[in-house]
Amino acid sequence: MNEDRITEKLNILADAAKYDVSCASSGSERKNKDKGLGNASNGICHSYTEDGRCVSLLKILLTNHCIFDCAYCVSRKNNDIKRAAFTVQEVVDLTINFYRRNYIEGLFLSSGIFKDADYTMERLVHVAKKLRTEHNFNGYIHLKSIPGASVELMREAGLYADRLSVNLEMPTEAGLKLLAPDKNRQDMIDPMHFLNKEIIRNTEEKKLFKNAPMFAPAGQSTQVIVGATSESDQQVLQSANYFYRNFNLKRVYYSGYVPVLADKRLPALNTTVPLVRENRLYQADWLMRFYGFHVNEIVNSQNPLLDLDIDPKLSWAIRNMQAFPIDINKADLQLILRVPGIGLLSAQKIVAARKFSGLGWEQLKKIGVAINRARYFITCKSNEFERRDLTGQNIKQFIMAQSQSKYIQNTQTQLKLF
Amino acid sequence: MTMNTLIYDGTFEGLLTAVFEIYERKLYPVKLLKGEWRNSALFEEVIPIVTNEVRVNRVLRGLRKKLSAAGVQRLYISHMAEIAGEDCNVLGFIRHVFDSDQNIEEDYSNKYVMRLSEILKMVRREKHRMEAFVRFQKLNDGTFYAAIEPDFNVLPLLTKHFKSRYADQKWMIYDIKRKYGLYYDLHDTQFIEMGFDEMHKPVDVIAAYSEDECVYQNLWKNYFNSVNIVSRKNTRLHVRHIPRRYWRHLTEKI
């Protein structure tokens, strides 16, 4: 092995892959087979980069040669950068050796498009096949499905990979047309349709035949870039909601645009990454998936943008004061989940613990409720509760006066730097 | 009321024997100490507890009647983690179990139930961190070796995960703090103790690395640096995810 050459390739191809945010390695229940290597289960973050993102998978491109010219992408055809390409065997060796040392949960392999979609996809599938069949590797494999690749290749990919994903790139079709004129949204949606159908069919099959082969057991996900074009949060979240509902996606990732190129269609190179917005989008995404909120409750035509000062749940609560206060010792779990300052686990604990005795402030605090926020919205076994008739705006001011957002602090220090 | 001080051997069985003693002799209030009993003037009333299998089983049967199987398991783990000063809370939990008519596992407004759930959360996090932060190094004989220094005694909890994952390689995870390790020989795992200090000087250990070990360590460090996005730097978040005390065993942070 030529160490220097591999190192150089790894640097180039890891660097080019890092803007793909997905690093999930959970959701697949692949077991260790015949005393082979590895298994995929709950998902483990083995390390964290200095920007605080999790490192769970070896995330690399097979190559950064690309025939497309998408404005937001570092690997675009007309960008003057170093190009490199791994051989199939090199990727396999890296994966196995990193995995054996407990550095990673598995492989996330993507690629620039060289020659055509099928030619590229074939090589991605080849890596996965080699890992599974020659090395009895049962760790996690996430493959990018290349838009436009043949149905046969997609099906084969699903047999070896745990997760497949197609990046939508831009939240709306118009955004995509503007920045990636070579790409066609329908080409991205077609494989998602196909995979969704196959996954459903496979689930049915599994019910009948236990030994039916697994097909992408961790499902599919996608990613949209936010802040590169002018979409509102309402458009972003509604598009996410559409894909959750119609394609059974496991996750939609929101990637705050990192300025990589000077282009008049894009935000200037010195723009800061929209970290707060990205965070608020993820919070809203969680509200939709775990807290029983409908997308229209979070963003709508009156409120097309998420509030950057406060989280979306608090933001919803102060717009809907008529729903409060609720009695923590009586209300349904679904209602408790809607209280700002009460998370999923705390809500479940409340419902379990109140069977034994009525809960007061002290107990709620111990259970993990953020009282400074929740106190305006609940009553409990105590004579103390918020008696003033406060408006939503009042509450927002009180809460913001008490708490210092870590993000606001962050942007301030960033401003000082420039 | 005088304080009754009980001293036991630190094992879970010892703890259960102590519980038996407390109920049998109606001791209250009690203080539980770990260690060997020495005739010391410091303690006026010290009751040494000798672990007794019959009593252990009686208490265990009682616990199983009043708790779910998972509840007993959680209790066991909370004690095994060996967190200093928590014995009184574990004991308090057991008393609450026996003093109530119903299963109190989810009675989170009780301080002992809440504390046990906190302990468990800490232990599970530590276990999960170890599953993430173990960094194996390949030795000449093909064994993959890793050293750890977890805050709590979590090595026994790691057996299942590593055994089912690394089934086709020999490996050893060694807890430097508690001076014992877990070794897998391709068939089964066993706990072992080694006299590392004298027999293997650090130099020998480095000489024992396999040829390509250094190559892959460097590749991993390179990878770790390449995936960082400088314009999103967030040191606070980084350190919250990987507290500094873990760095010395992380290849990418050395």
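Residues numbered from 1 in each chain as written. Chains lettered and ligands numbered in written order. Predicted model: local features only at pLDDT ≥ 70, side-chain atom pairs only at ≥ 80, totals over all residues.

**Description of the overall build of chain B**
Okay, so step 1: Across its full length, chain B holds 10 helices and eight strands.
Okay, so step 2: Across its three principal directions, the C-alpha atoms of chain B cover 65 × 45 × 40 Å.
Okay, so step 3: For chain B, contacts bridging at least 24 residues in sequence account for 67% of all contacts bridging at least 6. (Helix = DSSP H or I, 4+ residues; strand = E, 2+ residues; numbered from the N terminus. Contact = placed C-beta atoms within 7 Å.)

**Some thoughts on the pairing of strand S2 (residues 30–34) of chain B**
All names here are of chain B.
Okay, so step 1: Here strand S1 (residues 4–8) pairs with S2 via five bridges, running parallel. Bridged to Asn 4 within S2 is Val 30.
Okay, so step 2: Handedness of the β-α-β unit built from S1, helix H1 (residues 12–24) and S2 comes out right-handed. (Pairing = 2+ DSSP bridges. Right-handed = clockwise from strand over helix to strand, strands pointing away.)

**Considerations on the domain arrangement of chain B**
Residue and element names in this part refer to chain B.
Okay, so step 1: Taken as a whole, chain B is organised into domain 1 (4–125) and domain 2 (134–253).
Okay, so step 2: Taking the mean C-alpha position of each, domain 1 and domain 2 sit 33 Å from one another.
Okay, so step 3: Among the elements of the structure, helix H3 (69–80) and helix H5 (111–133) are those that each provide at least two residues to the side of domain 1 that touches domain 2. (Domains from an automatic or database assignment.)

**A few points about the environment of Glu 384 of chain A**
Okay, so step 1: Here Glu 384 of chain A lies in the loop between strand S10 (378–379) and helix H15 (392–402).
Okay, so step 2: Measuring from C-alpha to C-alpha, the distance between Glu 384 of chain A and Tyr 254 of chain A comes to 41 Å, with 130 residues separating the pair along the chain.

**Brief notes about the environment of Glu 126 of chain B**
Residues and elements named next belong to chain B.
Okay, so step 1: By the element assignment, Glu 126 lies in helix H5.
Okay, so step 2: Among the residues examined, Glu 126 registers 18 C-beta atoms within 10 Å and is labelled partly exposed.
Okay, so step 3: Excluding anything up to four places from it in sequence, Glu 126 contacts Pro 150, Asp 151, Phe 152 and Val 154. (Buried ≥ 20, exposed ≤ 12 C-beta atoms within 10 Å, placed from the backbone.)

**Quick word on the nonpolar core**
Soluble globular proteins: nonpolar side chains tend toward being buried together.
Okay, so step 1: Counting residues in hydrophobic clusters, the biggest one holds 159 residues, and the most contacted among them are Leu 13, Leu 109, Leu 124, Ala 128 and Ala 157 of chain A together with Ile 173 of chain B.
Okay, so step 2: If one sorts the elements of this core by residue count, H5 of chain B sits on top with eight residues.
Okay, so step 3: In this structure, Ala 128 of chain A is in contact with Ile 141, Leu 143, Ala 157, Tyr 160 and Ala 161 of chain A, ignoring residues within four places of it in sequence. (Core = buried A, V, L, I, M, F, W, Y, C linked by C-beta atoms within 7 Å.)

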